[in-house]
Amino acid sequence: MHDTIDDQLDELIRCEDPAVTHSPASLAVSRQRICDGMPSWRWGTWVFYPWHGRLVHVLPRDEFQRVRTDRNRNKIDRAQQRELRQRRIGVVGLSVGNSAAVTLAMEGVGGSFRLADFDTVGLSNLNRLRAAVDDLGVPKAVLAARQMFEIDPYLDIEVFTDGLTEESIGPFFDGMGGTGPLDLLVEECDTVWAKLAAREYARHRAVPVLMDTNDRGLLDVERFDLEPHRPLFHGRTGGSTASDVARMTRGEQLSLLLTVVDEPRLSATMRAAVGEIGRSLSSWPQLASGVMLGGALVADTARRILLGEHVPSGRHYIDLDELIPAVSPWTAPEFARVMEEVR
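Since the structure is predicted, the reported quantities are computational estimates derived from the model, not experimental observations.

## Notes on the overall build of the protein
When its secondary structure is counted, the protein shows 14 helices and 10 strands. Based on the C-alpha atoms only, the size of the protein along its principal axes is roughly 70 × 70 × 40 Å. Counting only residues that meet the buried cut, the protein has 47% of its 343 residues in that class. A sequence separation of at least 24 residues applies to 64% of the contacts in the protein between residues at least 6 apart. As displayed, the protein has an accessible area near 17,800 Å², and 53% of this comes from carbon and sulfur atoms.

## As for the environment of Leu 12
By the secondary structure assignment, Leu 12 is in helix α1 (residues 5-16). Linking Leu 12 and Phe 64, residues 52 residues apart in sequence, is a C-alpha distance of 8.4 Å.

## What to know about the environment of Pro 139
Within the secondary structure, Pro 139 is located in the loop between β5 (112-116) and α6 (140-151). Measuring from C-alpha to C-alpha, the distance between Pro 139 and Leu 94 comes to 9.2 Å, with 45 residues separating the pair along the chain. In this structure, Pro 139 is in contact with Asp 119, Thr 120 and Thr 161, ignoring residues within four places of it in sequence.

## What about the packing of aromatic side chains?
The description of an aromatic ring pair uses the distance of the two centres, along with the angle that the planes make with each other. All chains considered together, the criterion is met by 5 aromatic pairs. Taken together, a centroid distance of 5.4 Å and an interplanar angle of 70° make the contact between Tyr 49 and Trp 51 edge-to-face. A residue is classified by how much of its surface remains accessible, and Tyr 49, at 6% relative accessible area, is buried. Trp 51 gets classed as partly exposed once you look at its relative accessible area, which sits at 30%. Ring pairs connect the aromatic residues Phe 160, Phe 172, Phe 173 and Tyr 201, which therefore count as one cluster. Against the face of Tyr 317 rests Arg 216, its NZ or CZ located 4.6 Å from the ring centre.

What counts as what
- In this convention, every chain numbers its residues from 1, walking through the sequence in written order.
- Owing to the predicted nature of the model, reporting of local features is limited to residues with pLDDT of at least 70; listing and counting of side-chain atom pairs is limited to 80 or more, with chain, interface and lining totals taken over all residues.
- Remark: hydrogens and water are excluded; side-chain values derive from all non-hydrogen atoms of the structure.
- Elements are defined by DSSP. Helices are runs of H or I of four residues or more, strands are runs of E of two residues or more, and each kind is numbered from the N terminus.
- Three labels apply to residues, based on accessible area from a 1.4 Å probe with only protein chains included: buried if under 20% of the type maximum, exposed if over 50%, partly exposed otherwise in between.
- Two residues form a contact once any of their heavy atoms are found within 4.5 Å.
- In short, Shrake-Rupley with a 1.4 Å probe defines the accessible areas, and a residue's cover is counted only from the protein chains shown.
- Each aromatic pair joins two rings of Phe, Tyr and Trp (for Trp, the six-membered one) with centres within 6.5 Å, and gets the label stacked for planes under 30 degrees apart, edge-to-face for over 60, and tilted for any other angle.
- A positively charged side chain is recorded as over a ring if its NZ (Lys) or CZ (Arg) lies within 6 Å of the ring centre. The angle to the ring normal must also be within 35 degrees.

Printed below as a string of structure tokens:
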């Protein structure tokens, strides 16, 4: 049992009027006023987290949201925070997509989520996926949902542990039982069929799509909400459809995927790795730093799109090797002088 409700109430009181300096006595009076004389342990919401057996006491929904996002102001004002909580975001691929989903939840971008991934957490995922060794074997979509619920228990999250399939892709986009359609899609999966099928559905339903490849900080934006006839992947796949991909060989799918990510513009290390996948490498090389950067890029862009900013379709590189380049000591005299002094 974890109960810090009095501390949370004190934060709420200070949020209401930051200019007021409170004493312990005035805080106690204000807590009583807010709880309307009810014992604090009976006020608010008790949340049970069955995966680790904890019972946690938190503020009611509106007060919880007010305090939890208070430090977002004035980068995101109160009206914008309320607007963002009305939005529903889909995330496909919860390895790289985990960083995006958790960052969206932390920032308050989206109040409802649909998470789709067929895979479970493996040991080799822990180089880039924020998880613990006791999460091994847990479905990646379930892990992301747990992490997001631990940030905000009032989120609405639907989990698709079979990933996107021909049977699940419709409910994923449109909802089940009247839950409503998606407002934005974050696509981070490795399955080529799902990449194309997701965009076909998104274009038909006028849903914007974001994709981060975590190589050279590539962020891809497709504004199908503004351009209902826009070609998929900015026309890079030609007329190929998801149905075509289903009939392709593994080699043909890899070739199409490399076209999608602009193989000539991949980093040198990634280009060198392509021919070694399945030989000396088990899969694409990825680093936690690139994945976390991608989560930040996706969350920031999603927020701006959902708040009505005209972020155009396109492909953008936030390449840290270019923005923060390393230089040779032989070509940087000041660097060489400092190193000599250190020695």
